[in-house]
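# Descriptive structure summary
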Amino acid sequence: MEQAGSLSARGSTGSATPDIRAASVRVPAQSRAADIEREPERGVAADESRSAPGARGEHTHSEPPMPHPGVESPPPPAGSARPGVENARPVIQRASVRGQILDALRTALVAGELAPGQVYSAPVLGERFGVSATPVREAMQQLAVEGAVEVVPNRGFRVVRRGTRELAELAEIRALIEVPVLLRLARTVPAARWAELRPLAEATTRAASAGCRATYAECDRSFHHAILALAGNHQLVQIADDLHRRAQWPLVGGPVSRGRADLMADAAEHTALLEALIAQDLAVVQSLAREHFAGS
């Protein structure tokens, strides 16, 4: 997978911050803050009066503006551009800015670039993306609803710490919800319909082979989403997808991401599960599904 250009900057502490990428966003740790919140005026304009309660007033580092390669910039106002001089910071397109930021933050979370226990401020993240703090706050508020982060008054958002017990509980809930559905579908869905899902299983294998945890997580969810969608129950699919996403967050004290071998083994279970569904082998379907959820 082609990686977007990296961005780097120095915080107020003088230490280099990690690269920030369009596809896999690297978010620097923020060990200390300045006293005045600085809202970036570049990028998407924001009405701060609409900011989410409890999320305002984050302190920020004093950091210089940075270009963001790989993201198209809107044209400058007439007469404002200087010949031969490029815009200092291309910005994310105005359409669905909040959605783009939310996707980027979710990717960073899955990849372990949003570290458990670390606090991140919306203005600093907004500066990295070339947008105001408002769409970042809105995206972080959505992550708070999902349980990924929690609001820290006057500072920003802290990534929630979680351990193996929570992961085991999520696996148990997924099994309780999805295994009966899989068994019902195995009895009723024709083999030809299952065969149509092979490209999704193959996509997880390719992502695993590339070793990209964030890309694999997206392909993994797409595969399971397509299977459950055959049940025709939108609420079921929505709940299962939320549980699946939470199961993909990194553990406290665990590895930042599973290695390529682990991802390949996980992808192989998709293929095996699909073959068992085609064969209507209910015992194998049940066994594979439970093991797969436990290893997510």
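The coordinates are above.
To start, this report covers the structure provided alongside it. (Residues numbered from 1 in each chain as written. Predicted model: local features only at pLDDT ≥ 70, side-chain atom pairs only at ≥ 80, totals over all residues. Heavy atoms only, no water.)

## A few points about the pairing of strand β2 (residues 149-152)
The test is simple: Any two strands are treated as partners once DSSP identifies two or more bridges connecting them. By the criteria applied, helices consist of DSSP H or I runs no shorter than four residues and strands consist of E runs no shorter than two, each listed in order from the N terminus.
In this sheet, strand β3 (residues 156-159) lies alongside β2 in antiparallel orientation, the contact comprising 4 bridges. When the sheet's bridge partners are listed, V152 is paired in β3 with G156. Adjacent in sequence and paired antiparallel, β2 and β3 are bridged by 3 residues, among which N154 carries a positive phi angle near 65°.

## Remarks on the state of the cysteines
Rule in force here: Any cysteine sulfur atom paired with another within 2.5 Å is treated as part of a disulfide. Here's how the labels work: a residue is buried when its accessible area is under 20% of the maximum for its type, exposed when over 50%, partly exposed in between, all with a 1.4 Å probe on protein chains only.
Counting across every chain of the model gives 0 disulfides. Of the cysteine sulfurs around C212, a residue in no disulfide, the closest is that of C219, at 9.0 Å. The class for C212 is buried, based on a relative accessible area of 18%. According to the relative accessible area criterion, C219 is buried, its value standing at 18%.

## Section: the sheet that holds β2
Within a beta sheet, neighbouring strands are joined by backbone hydrogen bonds and run either parallel or antiparallel to one another. Under the convention used in this document: Throughout, a contact is declared for two residues whenever any of their heavy atoms are within 4.5 Å. Where helices are involved, their axes are fitted lines through C-alpha atoms of the stretch in contact, as for all axes, and angles between N-to-C directions lie from 0 to 180°.
Across the sheet, which stays open at both edges, the 3 strands sit in the order β1-β3-β2 with antiparallel pairing between neighbours. The open sheet is flanked by β1 (119-120) and β2, the only strands paired with a single partner. Across 2 bridges, the pairing between β1 and β3 is antiparallel. Among the inter-strand pairings, V119 is bridged to a residue of β3, identified as R158. Across the sheet, helix α3 (residues 133-146) lies against β1, β2 and β3, angled at about 120° from β2, the strand it touches most.

## As for unusual backbone geometry
The backbone of N154 shows a phi angle near 65°, a positive value even though the residue is not glycine. Tracing the backbone through its elements, the reader meets N154 in the loop between β2 and β3. For Q280, which is not glycine, the phi torsion reads 55° and is therefore positive. With respect to the helices and strands, the residue Q280 is situated in the loop between α9 (260-279) and α10 (282-294). Q280 gets classed as partly exposed once you look at its relative accessible area, which sits at 43%.

Purely geometric numbers; function is a separate question.
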